Amino acid sequence: MIGTNAIGERHRMTEEQPVVFVIDDDGMVRDAVKDLLRSVGLTVESFGSAQDFLQSKRSDAPGCIVLDVRLPGASGLEFQRTLVESGIPLPVIFISGHGDISMSVRAIKSGAIEFLTKPLREQELLDAVQAGIERDRARRRQAKLVAELQERFNCLTSREREVFALVVTGRPNKQIAHQLELSEMTVKVHRSQALRKMRAKSLVEVVRMADKLGVTTGKSEAT
Amino acid sequence: MKRVAPMPCEDTTERYSAAALESAQLAAIVSSSDDAIVSKTLDGIVTSWNAGATNILGYQADEMIGQPITRIIPPELHQEETQILARLHRGERIRHYETIRLAKDGRRVDISLTVSPLFNQSGKVVGASKVARDITERKLAEQALRETAARLRTLTETAVDGVILIDARGVVLMFNPACEKLFGYSAEEVIGENVKMLMPQPYRHEHDRYITNYRDTRDPKIIGSGREVIGLRKDGSTFPMDLSVGEARQDGESIYVGIIRDITERKLAEQALRETAARLRTLTETAVDGAILIDARGVVLIFNPACEKLFGYSADEVIGENVKMLMPQPYRHEHDRYITNYRDTRDPKIIGSGREVVGLRKDGSTFPMDLSVGEARQDGESIFVGIIRDLTSRKRTEAELEQARAELVRVARVLTLGELTAAIAHEVNQPLTGLVSSGNACLRWLAGDVPNLKAARESVERMISAGSRAGEVIRRIRALVGKAPPLRDRLNINDAITEVIALIRGEIQRNHISLKTKLSTDVPLVLGDRIQLQQVILNLILNATEAMSDVSPQPRELSISSAKDGPNGALVSVRDSGTGLDGTVLDRLFEAFYTTKAHGMGIGLAVSRTIIQAHGGRLWAMPNVPQGAIFQFTLPADGEEVS
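Here is what the cut-offs are and how they apply
- Residues numbered from 1 in each chain as written.
- Chains lettered and ligands numbered in written order.
- Predicted model: local features only at pLDDT ≥ 70, side-chain atom pairs only at ≥ 80, totals over all residues.
- Helix = DSSP H or I, 4+ residues; strand = E, 2+ residues; numbered from the N terminus.
- Buried ≥ 20, exposed ≤ 12 C-beta atoms within 10 Å, placed from the backbone.
- Contact = placed C-beta atoms within 7 Å.
- Nonpolar A, V, L, I, M, F, W, Y, C, P; charged D, E, K, R; others polar.
- Core = buried A, V, L, I, M, F, W, Y, C linked by C-beta atoms within 7 Å.
- Pairing = 2+ DSSP bridges.
- Axes fitted to C-alpha atoms, helices over the stretch in contact; angles between N-to-C directions.
- Expected span 1.5 Å × (residues − 1).
- Left-handed = near helix turned anticlockwise from the far one by under 90°.
- pLDDT = per-residue confidence, 0-100.

**Notes on the overall build of chain B**
Part 1 of the reasoning: Tallying secondary structure elements over chain B gives 19 helices and 22 strands in all.
Part 2 of the reasoning: Taken across its 643 residues, chain B has 24% of its residues classed as buried.
Part 3 of the reasoning: Here the contacts in chain B between residues at least 6 apart in sequence split such that 52% fall between residues at least 24 apart.

Here is the structure:
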């Protein structure tokens, strides 16, 4: 049962209570969808328009957006683009009065979780919302991890960063020393310092970190 | 005669007696004369007085003899007597001297006087004999004449027309004020001159010859009639004038009276008229529109080149014929009636306005034309001008437009239906979404270990609200549909057919299809949706029209008929002479999305059959003979379906 699943989720993630944002200009649909999502224990905030949503103060929590594709003013697809451009990475679940194949394809291509037609099937909606929340959680975890790594990386000296960048390419110390015109001993010191600061336990972990940070040879910035 | 005035005497007896006899004869003549014969001495004493004198002047002879003659001379004329006596002294005779004498009763008598001296034997003047004739009547006649002349003068003086009097040599005797105005000469400048001065060359040169010619031959070239000539003004300018010349005789000589009228304005008007006519001719000759002139009986008077092109007739073939020849039936048949009707009632059915009629070409083909008719009067008779514009190309454009419009309407109807469906779907979907989602939520509120009844109740309330809204939507749609005619209406299928034909007549004509309709009057009323049934009929006709678009040499015949079907049903048939249907096609004809047409959806017949079946009827097809197809459908009568 989804319900059990959701409740279990709630218990597990108390510190990260998800929020579902429902945006539909039809109050009846909005309230019903909100009601349904609340009945499975989700926190729901609803908005009558995309504008209202963009102007609202939102808590920093994992979540997703349930969005009517036919919104007054900007269309749902345009709104999806606006979200990306505004740095709001919430996954979107579209709901539509009628199944428009080309529109749903575009929506999915643009990163929508699901394109659901009204009247909504409970299972499909809850699955999609769940998937959305999961995706957002994963994204948030990833983002948090990157932010932590970035913080650690920021503690490295510029020499340590140089050494770190070369270490992740798998080069031996000797070669690194030669390349940086340093003694092998000096390289060793920088290397252990960098690994300690990054809290990496193995070379494999260092490489993963570098990958997440986007650190490559000759570059020292995360992207 | 009491006493004889001293007379010349003979001294011989014989001679005397002869003289006495002569004298007696003379006396008898004198006494019986109507003229007054009086003799007097040179002193003016009356010596004899005859009966004529008594008659004229009233004095008896004894009253006057021995009296001075001045007694009968008016005082103001006494001087005259002195002169007469002086002349007599010189031995002169005075002939036909007109003067006035006083009668005894004081009347003044006009007389003509001849006075002769009387000589004695020695030849000396001793007295005078006067013969006086009463000329009162002549005088009166002269007076009348003078008055007539004066009146004439007044007349000519005030006449609007110029009056010139010339003598036989052409010398101007009279030149009235109107002439002065016309020619710019004063009468004084012209009178006594030759009338030639009023003529420009070549008339001036010819005029003498005219006059002598007439005098010699009496051939009246101009006399007694009028003609148009040119007058020459003093300032050298010329003007057209109408001249009529009359002849009179005066003292044995001819004199001529010329009456002159300035016709400058008339000439200008004539000129303008001629120019207008010429322009009109040019206009009709070069006009793009056809122009026909007919008289009141319909006979063609003018048929311009544009008409020749339009109708294929040359002007020669049409002019003189009745204009009916350019009209197909039924116009041809009706035209005489139109004309007589208009003549009698003056009810302008078409006069002064335009209308669309059909023209008949020489080759028998017809064409739509716009005809506007104007009326003009000529010599009291009506003539009619028809301006004709070929509407063929306009008609074609109209037909194309109509087709485009029909196409649009069809597309629009489909679109509208699609949009309506979408709109309805959306409208119903929203509350339905609310209903289902709230229902789901409600179940969940109730499914928990501790059911959340409050939340569940709210969910149910939302469900009710959503359900109500869905009901509202349905009501609105029903209201919308309610505006359309009811689905089942009692209708005359013939009317439905006629309306459809009216709708696509242009399409049929554009495709050069001859349409025959045979609508039976005993077809019973049927029960059905007029619009839907008309869609079926329209669909069948359009199919037939398209099927015939490829059979160029064969006749394109479309026949639409209705008949009574069985005891109380209706049968509608649409026959064409198109490409026809073969067996395999016939089997699949009514399947949806099956089509033999290049541009067809294959829906029309399927939908048509559905509609007919929904009406309780049947729709089927069969081959036509010799070629083409027949589509027929039946509809049950009104009574069969309805209670």
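Back to the write-up after that little detour.
**Considering the interface of chain B and chain A**
Part 1 of the reasoning: Counting from both sides, the interface comprises 22 residues of chain B and, opposite them, 17 residues of chain A.
Part 2 of the reasoning: Put simply, the parts of the chain that give the side of chain B that touches chain A at least two residues each are helix H13 (392-447) and helix H14 (453-482) of chain B.
Part 3 of the reasoning: For the side of chain B that touches chain A, the element with the highest residue contribution is H13(B), accounting for 16 residues.
Part 4 of the reasoning: By residue class, the composition of the side of chain B that touches chain A is nine nonpolar, ten polar and three charged.

**So, the nonpolar core**
Part 1 of the reasoning: With 46 residues, the main nonpolar core has A:Ile93, A:Phe94 and A:Val129 as its most contacted residues.
Part 2 of the reasoning: Once residues lying within four places of it in the same chain are set aside, the contact partners of A:Val129 are A:Val20, A:Leu37, A:Cys64, A:Val66 and A:Ile93.
Part 3 of the reasoning: Core analysis: the second largest hydrophobic core is formed by 35 residues, B:Ile497, B:Val523, B:Leu538 and B:Ile541 among them.

**Quick notes on the sheet that holds strand S2 (residues 43-47) of chain A**
Residue and element names in this part refer to chain A.
Part 1 of the reasoning: Across the sheet, which stays open at both edges, the five strands sit in the order S2-S1-S3-S4-S5 with parallel pairing between neighbours. Lying at the two open borders of the sheet, with one neighbouring strand each, are S2 and strand S5 (114-117). Averaged over all neighbouring strand pairs, the angle between strand axes comes to 20 degrees, with direction disregarded.
Part 2 of the reasoning: Bridge analysis of strand S1 (residues 19-23) against S2 gives five bridges, and the strand direction is parallel.

**Some words on helix H8 (residues 203-217) of chain B**
Part 1 of the reasoning: In this model, H8(B) (15 residues) spans 20 Å end to end at C-alpha, consistent with the 21 Å of a helix rising 1.5 Å per residue.
Part 2 of the reasoning: B:Arg218 lies just past H8(B) and shows a positive phi near 60 degrees.

**Comments concerning the pairing of strand S11 (residues 290-295) of chain B**
Residues and elements named next belong to chain B.
Part 1 of the reasoning: Across six bridges, the pairing between S11 and strand S15 (residues 381-390) is antiparallel. Bridging across to S15, Gly 290 finds its partner in Ile 388.
Part 2 of the reasoning: Linking two consecutive strands that pair antiparallel, namely S11 and strand S12 (residues 300-303), is a turn of four residues; a positive phi of about 95 degrees is found at Gly 298 within it.

**Examining the packing of helix H15 (residues 493-510) of chain B against helix H16 (residues 530-548) of chain B**
All names here are of chain B.
Part 1 of the reasoning: One way to put it is that H15 packs onto H16 with a least axis distance of 9 Å and a crossing angle of 35 degrees. For H15 against H16, the interelement crossing comes out right-handed. Across the interface between the two elements, Ala 496, Ile 497, Glu 499, Val 500, Ile 504, Glu 507 and Ile 508 of H15 pack against Arg 530, Leu 533, Gln 534, Ile 537, Leu 538, Ile 541 and Thr 545 of H16.
Part 2 of the reasoning: When the residues that make up the contact of H15 with H16 are grouped by side-chain class, the tally is nine nonpolar, two polar and three charged.

**Digging into the confidence of the model for chain B**
Residue and element names in this part refer to chain B.
Part 1 of the reasoning: Averaged over all residues, the pLDDT of chain B is 79; the fraction at 70 or higher stands at 84%.
Part 2 of the reasoning: Within the model, the stretch residues 481-486 combines pLDDT values under 50 with two contacts to residues more than four positions away or in other chains.
Part 3 of the reasoning: Scored below 50 in pLDDT, residues 598-602 shows seven contacts in the model against residues more than four places distant or in partner chains.
Part 4 of the reasoning: Two summary scores accompany this predicted model of the complex, namely pTM at 0.37 and ipTM at 0.70.

**Focus: the environment of B:Ser514**
Residues and elements named next belong to chain B.
Part 1 of the reasoning: Within the secondary structure layout, Ser 514 lies in strand S17 (residues 514-519).
Part 2 of the reasoning: On the neighbour-count criterion, Ser 514 (12 C-beta atoms within 10 Å) is exposed.
Part 3 of the reasoning: With 43 residues separating them in the primary sequence, Ser 514 and Glu 557 have C-alpha atoms 5.1 Å apart.
Part 4 of the reasoning: In contact with Ser 514, not counting residues within four places along its chain, are Arg 556 and Glu 557.

**Thoughts on the confidence of the model for chain A**
Residue and element names in this part refer to chain A.
Part 1 of the reasoning: In the predicted model, chain A carries a mean pLDDT of 81, and 87% of its residues have values of at least 70.
Part 2 of the reasoning: The low-confidence segment residues 1-14, where pLDDT is below 50, has ten contacts with residues more than four positions distant or belonging to other chains.
Part 3 of the reasoning: For residues 218-223, every residue scores under 50 in pLDDT, and the model assigns this stretch ten contacts once sequence neighbours within four places are set aside.

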